[in-house]
Amino acid sequence: MSRVSDPISDMMTRIRNAIKAGQLKTDIPSSKMKLSIARILKDEGFIKNFKLIDDNKQKVLRVYLKYNTDNEPAIIKMKRISKPGRRVYIQAAEIKPVFNNLGIRILSTSKGIVTNKTAKKLNVGGEVICEIL
């Protein structure tokens, strides 16, 4: 089995693929950062729910995807911004709304993993992990 060089991109790809296939849920190898991202996605209304499943090796994060009444996914676009080869940082003063506040940016800050709105309120900058619309 091969190792994944960017686990956050792998998480996002699994979610995108599950949405394209019309699946109701997807399983992702768990980590603290992925759990924080899933919590933000749930709080912002992009996914229905998530839960941690304990297998004997590594815990699995099961993400339940959200669709509207017309079977349109809640997540239209997911884009990885900061990558292992090129880190992208933003200062608190540079934080702007994403697509007229319809989307969010997830940042890794000194206060933890937060959305761009929360980072602006806390007046902290950080590494831009991804952008979700």
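Residues numbered from 1 in each chain as written. Predicted model: local features only at pLDDT ≥ 70, side-chain atom pairs only at ≥ 80, totals over all residues. Heavy atoms only, no water.

1. Some points on the pairing of strand S1 (residues 25-29)
Quick reminder of the rule: The buried label goes to any residue with under 20% of its type's maximum accessible area, the exposed label to any with over 50%, and the partly exposed label to all in between, with areas taken from a 1.4 Å probe on protein chains only. Secondary structure elements are taken from DSSP: a helix is a run of H or I of four residues or more, a strand is a run of E of two residues or more, and numbering for both begins at the N terminus. For two strands to count as paired, DSSP must find a minimum of two bridges between them.
Residues Thr-26 and Ile-28 of S1 are buried on one face, while the alternating residues Lys-25, Asp-27 and Pro-29, pointing to the opposite face, are not. Across 5 bridges, S1 lies against strand S3 (residues 60-65) in antiparallel orientation. Bridge pairing links Pro-29 to Val-60 in S3.

2. Points about the environment of Asp-54
Within the fold, Asp-54 resides in the loop between strand S2 (47-53) and S3. With a relative accessible area of 61%, Asp-54 lands in the exposed category. Placed 24 residues apart in sequence, Asp-54 and Ser-30 show a C-alpha to C-alpha distance of 9.7 Å.

3. Notes on unusual backbone geometry
Here Asn-100, not a glycine, exhibits a phi torsion of approximately 55°, which is positive. Relative to the helices and strands, Asn-100 is located in the loop between strand S5 (89-90) and strand S6 (104-109). Asn-100 gets classed as exposed once you look at its relative accessible area, which sits at 75%. Phi is positive for Asn-101, close to 65°, though the residue is something other than glycine. Among the structural elements, Asn-101 can be located in the loop between S5 and S6. Since its relative accessible area comes to 45%, Asn-101 is described here as partly exposed.

4. Considering the pattern of salt bridges
Keep this limit in mind: Only one rule defines a salt bridge in this text: a Lys or Arg side-chain nitrogen within 4 Å of an Asp or Glu carboxyl oxygen.
Tallying each qualifying case throughout the model produces 6 salt bridges. Among the ionic pairs, Arg-80 bridges to Asp-6, the shortest N-O distance being 3.0 Å. One end of the pair, Arg-80, is in strand S4 (residues 78-80); the other, Asp-6, is in the segment before helix H1 (7-21), with 74 residues separating them in the sequence. The same class applies to Arg-80 and to Asp-6, which are both buried. The salt bridge involving Glu-131 is made with Arg-105; its shortest N-O contact spans 3.0 Å. On the criterion of sequence distance, the pair formed by Glu-131 in strand S8 (residues 126-132) and Arg-105 in strand S6 is long-range, its members being 26 residues apart.

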